[in-house]
Amino acid sequence: MYYDVHGNKISKSQWKKMYAAFKNRQEIIRAGLSRRDLFKMGLLTSAGYLAAKEGLSAWAYGDRGGSGQCASPTTTPFTMQLPIMPQKQPISVGNLTGPAPQINPNTAINPATGIAFEGRTRPHQAPALGFPFPPPVVYQVSQQAGTVFMSSQLPQQTIWGFDGISPGPTYVANYGTPILVRNINNLPSSNGGFGNPSVTTHLHNGHTPSESDGFPCDFFAQGQYYDHYYPNVLAGFNSDHKPAPGQPITTAGDINEAMSTLWYHDHRVDFTSQNVYKGLEGFYFLFNQFDTGNEGTGFHLPTYPDFDIPMMFADRCFDPTTGLLAFDLFNLDGILGDKFLVNGVIQPVLHVHPRRYRFRWLNSGPSRFYQFYITDLNNTGANNQFWQISNDGNLLPTPVQVPAVQLGVAERADVIIDFSQFAGKTIYLENRLEQTNGRGPTGNVLNAGQGNLLLQIVVDLPVVNDFSVNPATGPTFYALPSTNVAPRVTRNFNFNVTRDGQWVINDQFMDCNTVRFMVQQNSVENWVLQNNGFNFPQWTHPIHIHFEEHQILSGAPGLAGGGDRRYFYGGNSSPSTGVNATRKDVVRVLPRQSVTLFFRFRDWLGRYPMHCHNVVHEDHAMMLRWDLATTGDTNQNP
Ligand SMILES: [Cu+2]
């Protein structure tokens, strides 16, 4: 029996035709062509779809809407344990591979490669402001191929990962302790089907100097290294309204801008979707005197790592005959997988004690939106509430009780779930948000048990002590910085698609060398993000702005299609309640809606991007470069 991607029965000949198209598309991706190359070659139509050449069209393998995705082999869920990524361990600076780190880029020619030792192009900014060099803690990580099993029923997969694993190792950093991470590009020349062995590592949500941010055009080649300096400093430390004057520069920022859950991923311009899909991603935690990682101190959040568990969600496609990970470059809308991974494994199992846990949820994409619920298949009518304590990298002012959590690509939420109420039971983490193509969710929320069961949670470990705070007691975390400040400039951005099917911001493509606008250091700006696409207005774009976070002043997003907005964004009219009263680095811009964001720009100078984090949109080419400078412009429509 043969089925198409929607589960409809089809003939064997139709299936063969679909599969031939799939294989031919894979060959083109293997050749390393970007979607921009395909336009030039005439392989994409004016509508953005793959040209209807025999054996190549999107229609043949999917449906007419270009959402043809994949038909992965069957796998039996809940047979593998949830992997927990190892914690990255520091090394002594003398043990780094290659030359000693230096403030200016090491552009000396490496005789072994014939190119510069280091890919960096700009000096580290931090030492000039008084940060130590080299910093007290040093890491080395290698981007390299590795082999993994994503399911016991699929063959061994070759991935690209940091230290050869995916997700990569978890960095555990502390505010006030700067670190240096040497990234070494040890990727192979052969990409095994997709991926570009040219990389740049972005620390997502980091308050990072531009030269260490992983700017998409700061990519470096095989055989090179790139030293990233992460100051782990609170925002505002170098501003003209320094919150803690007189303190050392490493601790002088605003405690209310302390962050907790960050992640890192490849950001190579035009190739981010392939390289992240191939595995180049991992977590980065920040602790301080309040969020300590120890439930006996500070805010008393569950202890890391015993009761504080990172979970990276990803959907993927596998070749229906070989069972190997497959990437499809040719979806205009975005890529939806039919297999759901948590920490690199398809539908794993987690055993827990009957007590409170902190889970750190991250939607790593490439394109899907999630709405997570706790489901008991023996009691699907139950409304199993839990506590959301953060939004993106920021703890909320106080925990918010929720029935579910929504995440667009790159969004994060830390939650507290008390498993004592489920003692002895087997429950599931379930995505109940309906989505049928990469454009965005339909807005329909499926019934309990009808969605995607992502993780099985078995509450069968013994009773243990729980010294963590009960969120129901209303603990307070950080306050929100005031937004009652007149902006120096209000800028407007429209996220749209061109008539030839590429993605644009204010009708322009990403260009590494075009500075679209200059933000003035120590100024407040409002940005209005609009989604008024004339061709395909049904898209939802998860928009990410690097470096400084925002607060939503108005137009807070709910669900596309009029789903249940009550718990997630405080309703249609009130953006500043519930889990939406927060600081964020990704905002979902819904079809035909706009949001107004508050920013305060400080501390470092240099280039940063804004882009859609549906990584397919990002690569082609819904991104722009803006620069932070001592003198800014007032371009309202850059
Ligand atoms: Cu988008």
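This structure is a prediction, so every number in the text was calculated from the model and none was measured.

A.B. asks: Tell me about the coordination of the copper ion, and please be specific about residues and values.
C.D. replies: Listed as protein donors to the copper ion are H541 (ND1), C612 (SG) and H617 (ND1); their distances from the metal cover 2.0 to 2.1 Å. The motif formed by the donor residues of the copper ion, counted along the single chain, is H-x70-C-x4-H. You'll find C612 and H617 in the same group, each marked buried.

A.B. asks: An account of the side chain of R120 is requested, with residue identities and associated values reported.
C.D. replies: Here R120 is to be found in the loop between α3 (58-61) and β3 (137-148). R120 gets classed as buried once you look at its relative accessible area, which sits at 1%. Within the structure, the side chain of R120 is placed 2.8 Å from the backbone oxygen of I103, a separation counted as a polar contact. At 3.4 Å, the side chain of R120 forms a polar contact with the backbone oxygen of N104. Once residues lying within four places of it in the same chain are set aside, the contact partners of R120 are Q102, I103, N104, P105, E211, Y226 and D227.

A.B. asks: Lay out the confidence of the model for the protein chain in plain terms, naming residues and giving numbers.
C.D. replies: Predicted confidence across the protein chain gives a mean pLDDT of 89, with 88% of residues reaching 70 or more. Low pLDDT, under 50, characterises residues 58-68; the stretch is placed with 32 contacts to residues that sit more than four places away or in other chains.

A.B. asks: Tell me what's going on with the state of the cysteines, and back it up with residues and numbers.
C.D. replies: Each disulfide consists of one covalent bond between the sulfur atoms belonging to two cysteines. Inspection of the entire model under this criterion finds one disulfide. Residue C217 pairs covalently with C512 via a disulfide, S to S 2.0 Å. On the sign convention where negative is left-handed, the bridge of C217 and C512, at about -80° about the S-S bond, is left-handed. Of this pair, C217 sits in the loop between β7 (201-204) and β8 (225-230) while C512 sits in the loop between β25 (503-505) and β26 (515-520), placing them 295 residues apart in sequence. Since its relative accessible area comes to 17%, C217 is described here as buried.

A.B. asks: Report on the sheet that holds strand β20 (residues 405-407), specifying residues and quantitative values.
C.D. replies: Spatially, β15-β23-β22-β17-β20 is the arrangement adopted by the five strands of the open sheet, whose pairing is mixed. Single-partner strands in this sheet number two, and they are β15 (349-351) and β20. Taken pair by pair, the neighbouring strands of this sheet meet at an average axis angle of 25°, ignoring direction. Of the pairings in the sheet, the one linking β15 to strand β23 (residues 452-458) comprises three bridges and is parallel in character. Paired with H351 across the strands is V458, a residue of β23.

A.B. asks: Give a detailed account of the nonpolar core, specifying residues and quantitative values.
C.D. replies: Counting 55 residues, the largest nonpolar core has F493, W527, L529, I543, M610 and W626 as the members making the most contacts within it. Looking at this core element by element, the count peaks at four residues for strand β31 (residues 594-601). Discounting chain neighbours no more than four positions away, the residues touching W626 are F517, V519, W527, I545, H546, F547, F601, G606, R607, Y608, P609 and M610.

A.B. asks: Residues and numbers for the pattern of salt bridges, please.
C.D. replies: With the rule as written, the count across this model stands at 28 salt bridges. A salt bridge links E257 to R583; the nearest nitrogen and oxygen atoms lie 2.6 Å apart. Placement of the pair is E257 in the loop between β8 and β9 (261-266) and R583 in the loop between β29 (551-554) and β30 (586-589), with a sequence separation of 326 residues. The same class applies to E257 as to R583, namely buried. One salt bridge connects D466 with R355, and the closest N-O pair in it is separated by 3.3 Å. Placement of the pair is D466 in the loop between β23 and β24 (489-497) and R355 in the loop between β15 and β16 (356-363), with a sequence separation of 111 residues. Assessed through its relative accessible area of 2%, R355 is described here as buried.

A.B. asks: Break down unusual backbone geometry for me, citing the residues and quoting the values.
C.D. replies: Going from S166 to P167, the amide bond is cis rather than trans, its omega being -5°. Mapped onto the elements, P167 comes out in the loop between β4 (157-162) and β5 (171-174). The omega angle of the peptide bond from G365 to P366 is 20°, so this bond is cis rather than trans. Mapping P366 onto the fold places it in the loop between β16 and β17 (370-375).

A.B. asks: Provide a residue-level description of the sheet that holds β31, including the pertinent values.
C.D. replies: With mixed pairing, five strands are arranged side by side in an open sheet as β25-β24-β27-β31-β29. The open sheet is flanked by β25 and β29, the only strands paired with a single partner. With strand direction ignored, the average angle separating the axes of adjacent strands in the sheet is 25°. Pairing of β24 with β25, which is carried by three bridges, proceeds in the antiparallel orientation. Bridge pairing links N496 to V504 in β25.

A.B. asks: Residue-level account of the pairing of strand β19 (residues 394-402), with values.
C.D. replies: Bridge count between strand β18 (residues 386-391) and β19: five bridges; the pairing is antiparallel. Following the sheet pairing, S390 is matched in β19 by L395. The hairpin turn running from β18 into β19, its antiparallel successor, is two residues long, and D392 in that turn takes a positive phi close to 50°.

A.B. asks: A description of the packing of aromatic side chains should follow, citing residues and the corresponding values.
C.D. replies: Under the criterion given, the structure shown has 46 aromatic pairs. Centre to centre, the rings of F313 and Y370 are 6.1 Å apart; their planes meet at 50°, and the pair counts as tilted. Taken together, the residues F313 in strand β11 (residues 308-318) and Y370 in strand β17 connect sequence positions 57 residues apart. Neither F313 nor Y370 differs from the other in exposure class; each is buried. An aromatic cluster of three or more residues is present, and its members are F493, F517, W527, F547, F599, F601, Y608 and W626. Directly above the aromatic system of Y225 lies the positively charged group of R182, at a separation of 3.7 Å from the ring centroid. Between the NZ or CZ atom of K278 and the centre of the ring of F194, over which it lies, the distance is 4.3 Å.

So, how was this worked out
Residues numbered from 1 in each chain as written. Predicted model: local features only at pLDDT ≥ 70, side-chain atom pairs only at ≥ 80, totals over all residues. Heavy atoms only, no water. Donors = N, O, S within 2.8 Å, 3.2 Å for Na, K, Ca; no water. Buried < 20%, exposed > 50% of the residue type's maximum accessible area, 1.4 Å probe, protein only. Helix = DSSP H or I, 4+ residues; strand = E, 2+ residues; numbered from the N terminus. Polar contact = N/O pair within 3.5 Å; in protein donor to acceptor, adjacent residues only side chain to side chain. Contact = heavy atoms within 4.5 Å. pLDDT = per-residue confidence, 0-100. Disulfide = S-S within 2.5 Å. Pairing = 2+ DSSP bridges. Axes fitted to C-alpha atoms, helices over the stretch in contact; angles between N-to-C directions. Core = buried A, V, L, I, M, F, W, Y, C linked by side-chain atoms within 4.5 Å. Salt bridge = Lys/Arg side-chain N within 4 Å of Asp/Glu carboxyl O. Phe/Tyr/Trp six-rings, centres within 6.5 Å; stacked < 30°, edge-to-face > 60°. Lys NZ or Arg CZ within 6 Å of the ring centre and 35° of its normal.

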